[in-house]
Amino acid sequence: VQLQASGGGLVQAGDSLRLSCVASGRTFRGYNVGWFRQTPEKEREFVANIGWNGGTTTHADSLKDRFTISRDITKNTVYLQMDNLKPEDTAVYYCAAGSRIIYSSIGVSSSYDHWGQGTQVTVSS
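Because the structure is a prediction, the values reported are computed rather than measured.

### Let's talk about the sheet that holds strand E3 (residues 17-24)
One open sheet accounts for four strands, arranged E1-E3-E8-E7; its pairing is antiparallel. The open sheet has two edge strands with one neighbour each: strand E1 (2-6) and strand E7 (67-72). The mean inter-strand angle of the sheet, taken between neighbouring strand axes irrespective of direction, is 20°. Across five bridges, E1 lies against E3 in antiparallel orientation. By the bridge assignment, Ser6 is partnered in E3 with Ser20.

Below is the structure:
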C-alpha cells in the first residue's frame with residue numbers, strides 16, 4: 001500500500017490543522033494506521049493510531065487533549081485533527097500502516113511496514 005500524507009503548513013500558535021493520509025494500491029482494510037512526527041533534534045515520536053476495521057483509537061498521552069485521529073472508510077483516508085497548536089508541535093508528520101501490529105507495539109515506529117513521505121507542520125509563536 002502506498003501512503004500520501006498532506007495538509008501540513010505554516011500556522012500560528014492556537015490554530016488548527018487537519019492532516020490527511022490517503023492509501024493507494026489497496027484499501028486500509030486490515031491495517032493499523034498511525035501518525036508519527038519527527039524533528040531534527042528528536043527521534044520519531046508516536047502521535048496516534050487507529051485500527052481501520054474497528055476504528056479503535058490510541059493517542060499519545062501528551063497530545064490526546066489536542067489531537068484526534070479518525071478515518072473515513074468511503075474515502076480510504078485517515079485524518080489527524082490538530083487543535084490549539086503550539087510551537088513545539090513543529091515537525092514533519094508521517095503516516096504509516098502496518099498489518100501485524102500488536103497493541104503494545106502501536107507506538108513503535110518499526111512496527112509499521114509502510115510509510116508516507118511526510119508533511120511539514122510549522123507553528124509560529
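### Details of the environment of Arg44
With respect to the helices and strands, the residue Arg44 is situated in the loop between strand E4 (32-38) and strand E5 (45-51). According to the relative accessible area criterion, Arg44 is partly exposed, its value standing at 31%. In this structure the C-alpha to C-alpha distance between Arg44 and Val92, which are 48 residues apart in sequence, comes to 9.4 Å. Excluding residues that lie within four positions of it along the chain, Arg44 makes contacts with Phe36, Arg37, Gln38, Tyr94, Ser109 and Trp115. A polar side-chain atom of Arg44 sits 3.0 Å from a polar atom in the side chain of Gln38.

### Details of the state of the cysteines
Two cysteines whose sulfur atoms are joined by a covalent bond form what is called a disulfide. Across all of its chains, the model carries one disulfide by this definition. Across the disulfide, Cys21 is cross-linked to Cys95 (sulfur-sulfur distance 2.2 Å). Because the sign of the S-S torsion sets the handedness, a value of about 70° for the bond joining Cys21 and Cys95 places this disulfide among the right-handed ones. Here Cys21, found in strand E3, pairs with Cys95, found in strand E9 (residues 91-98); they are 74 residues apart in sequence, far enough to count as distant.

Rules behind the numbers
- Residues numbered from 1 in each chain as written.
- Predicted model: local features only at pLDDT ≥ 70, side-chain atom pairs only at ≥ 80, totals over all residues.
- Heavy atoms only, no water.
- Pairing = 2+ DSSP bridges.
- Helix = DSSP H or I, 4+ residues; strand = E, 2+ residues; numbered from the N terminus.
- Axes fitted to C-alpha atoms, helices over the stretch in contact; angles between N-to-C directions.
- Buried < 20%, exposed > 50% of the residue type's maximum accessible area, 1.4 Å probe, protein only.
- Contact = heavy atoms within 4.5 Å.
- Polar contact = N/O pair within 3.5 Å; in protein donor to acceptor, adjacent residues only side chain to side chain.
- Disulfide = S-S within 2.5 Å.

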